[in-house]
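Understanding the architecture of this molecule
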Amino acid sequence: MRRFCFTAAIIAMLHVGAGCRSGDETALDSASLEARAARLNESLANADSTEARDEPIARWLLPPELAEISGLALTPDGRLFAHEDETAQITEIDYRRGTVIKHFFVGKETLHGDFEGLTCVGDRFFLLSSEGTLYEFQEGAEGERVDYKAHDTHLGKECEFEGLAYDSTANAIILACKNPGLKEFKGMMVMYRYSLDGGETSEFTVPYSEAIGKNNWKQLRPTDITVDPSNGNYVLVAAQEKALLSITEGGDVVFSRPLGGRHPQAEGVAITRDHILIVSDESTNTAASITLYRWP
């Protein structure tokens, strides 16, 4: 399968890739791809101090079709997928080598909407719209259009959603609320659990006073959420506040701190089983990107 290159920068190694060229030269040769992966592994091995872990180890600039990259999701076998903000285009990204593996599309006619999160449950994906509809579908091949099933959470009046993750211990999808719509949630960061056993929903909250802590933020509006595979904690990013937050499944704050590195519009977050934090930024004045950090 042809793998299309990004413009690339391995931050720790100060390496800049040559970018993409047209025609048969578009595909990077396997030796170049393996060299990228080797440099990343070397950077990971050298990130053994607290200061080093706060610095990015790689940053991949994305092609124009991913300018509005939003949520990220990892499959059980460790592959990274992303979705676009306005259309249900799903893209597989090789985050170690900085290449696009494939695109596929949800719906016989591509779905359009305000899509704000992606997660994977076994061999199923779930794509979230901002009003709380979940679109369930299987992985597709390159260029394929896949069927879907829609699940209405009936939470659209309670919240504008942005971000979701799968909590295997509860067999539930966690939906992060960016803008709560109910007065009772004033001063609260709100999340919902959507049970995959029966479709029931329940909310849990974290007071801003606890979520913000000593940071100089007036509120906290998540843009994505993931589950830390090492301990089950929920990890969130918030673009406007440039925040990184970890909480337990019970809502206790583990830490709340500024998101390191350069993140003009952090829209997605994922954590790999081999301890890499991945943050996606949509295009603003620069190209969209994914940035890799040593985790924790």
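Not measured: the values here are computed from a predicted model. Residue numbers restart at each chain and count upward from 1, following the sequence in its written direction. Reporting of local features is limited, given that this is a predicted model, to residues whose pLDDT is at least 70; pairs of side-chain atoms are given and counted only at 80 or more, and all residues count toward the totals for whole chains, interfaces and linings. Derived side-chain values reflect all non-hydrogen atoms in the structure, with water molecules and hydrogen atoms excluded from consideration.

**What to know about the side chain of Glu92**
This is how it is decided: In DSSP terms, a helix is any run of H or I states spanning at least four residues, a strand is any run of E spanning at least two, and both are numbered starting from the N terminus. Whether a residue is buried, partly exposed or exposed follows from its accessible area with a 1.4 Å probe, protein chains only, as a fraction of its type maximum: under 20%, in between, or over 50%, in that order. What makes two residues a contact is simply this: any of their non-hydrogen atoms within 4.5 Å.
Among the secondary structure elements, Glu92 is positioned in strand β7 (residues 89-94). Take Glu92: its relative accessible area is 8%, and that puts it in the buried class. Aside from chain neighbours lying at most four places away, what touches Glu92 is Arg79, Leu80, Phe81, Thr99, Val100, Ile101, Lys102 and Glu139.

**Quick look at the pairing of strand β4 (residues 56-61)**
Using the following cut-off: In this analysis, strands are considered paired if DSSP registers two or more bridges between them.
In terms of residue burial, β4 counts as a mostly covered element, since five of its six residues are buried. Relative to strand β24 (residues 289-294), β4 runs antiparallel, the two being bridged by five bridges. Paired with Pro56 across the two strands is Tyr293, which belongs to β24.

**What to know about the confidence of the model for the chain**
What counts, and what does not: pLDDT expresses how confident the predictor is about each individual residue, on a scale running from 0 to 100.
Of the residues in the chain, 88% reach a pLDDT of 70 or more, and the chain-wide mean stands at 88. Contacts from residues 1-26, a stretch scored under 50 in pLDDT, to residues over four places away or in other chains number 68 contacts.

**With respect to the sheet that holds strand β18 (residues 224-227)**
Selection criterion: Interaxial angles span 0 to 180 degrees and are taken between N-to-C directions of axes, which are lines fitted to C-alpha atoms, for helices over the stretch in contact.
Taken in spatial order, the four strands make up an open sheet running β18-β19-β20-β21, and their pairing is antiparallel. The open sheet has two edge strands with one neighbour each: β18 and β21 (253-258). Within the sheet, the average angular offset between the axes of one strand and its neighbour, ignoring direction, is 15 degrees. Relative to strand β19 (residues 234-238), β18 runs antiparallel, the two being bridged by four bridges. When the sheet's bridge partners are listed, Ile225 is paired in β19 with Leu236.

**Things to note about helix α1 (residues 30-46)**
Applicable threshold: To estimate how far a helix should reach, multiply one less than its number of residues by 1.5 Å. Regarding the arc, it is the one traced by the directions from the helix axis to the C-beta atoms.
Its 17 residues give α1 an end-to-end C-alpha distance of 24 Å, which sits within 8% of 24 Å, the value for a rise of 1.5 Å per residue. Taken as a whole, α1 has its buried residues at Leu33, Arg36, Ala37, Arg39, Leu40, Ser43 and Leu44. Mapping the buried residues of α1 onto a view down its axis gives an arc of 155 degrees, with all of them on the same face. For α1, the exposed residues set more than 90 degrees away from the buried face come down to Ser30, Ala31 and Ala45.

**Points about the pattern of salt bridges**
Threshold: Throughout this description, the term salt bridge denotes a Lys or Arg side-chain nitrogen within 4 Å of a carboxyl oxygen of Asp or Glu.
All told, the structure shown has ten salt bridges when counted by the stated rule. The closest approach of N and O atoms between Arg79 and Asp77, which form a salt bridge, is 3.2 Å. A relative accessible area of 26% places Arg79 in the partly exposed class. Ionic pairing is found between Glu139 and Arg79, a salt bridge with its closest N-O pair at 2.9 Å. With Glu139 in the loop between β11 (133-138) and β12 (145-146) and Arg79 in the loop between β5 (69-74) and β6 (80-84), this residue pair connects regions lying 60 residues apart in the sequence.

**Quick notes on unusual backbone geometry**
The omega torsion of the bond from Trp295 to Pro296 falls at 0 degrees, within 30 degrees of zero and hence cis. Positionally, Pro296 belongs in the segment after β24. The phi angle at His275 is positive, at roughly 70 degrees, despite the residue not being glycine. The residue His275 is located in the loop between β22 (266-271) and β23 (276-281) in this model. Accessibility expressed as a relative area gives 32% for His275, which makes it partly exposed.

**A look at the layout of surface pockets**
We apply this condition: Using a grid of 1 Å spacing that covers the protein atoms alone, one calls a set of points a cavity when a 1.4 Å probe fits there but cannot get out, and a pocket when the set is open and has protein on both sides within 12 Å along at least five of seven lines; lining residues are those with an atom within 4 Å of a point. Grid points are joined across faces, edges and corners, and a volume is the space filled by probe spheres set on the points. Note that Gly is not counted as nonpolar here; it falls among the polar residues with everything else outside the nonpolar set of Ala, Val, Leu, Ile, Met, Phe, Trp, Tyr, Cys and Pro and the charged set of Asp, Glu, Lys and Arg.
In this structure, the largest pocket encloses a volume near 600 Å³. Forming the walls of the largest pocket are 30 residues, and the residues nearest its centre are Leu74, Tyr166, Val227, Pro229 and Arg273. Breaking the lining of the largest pocket down by element, the ones donating at least two residues are β5, β9 (115-121), β14 (159-167), β18 and β22. In the lining of the largest pocket, the residues fall into 17 nonpolar, nine polar and four charged.

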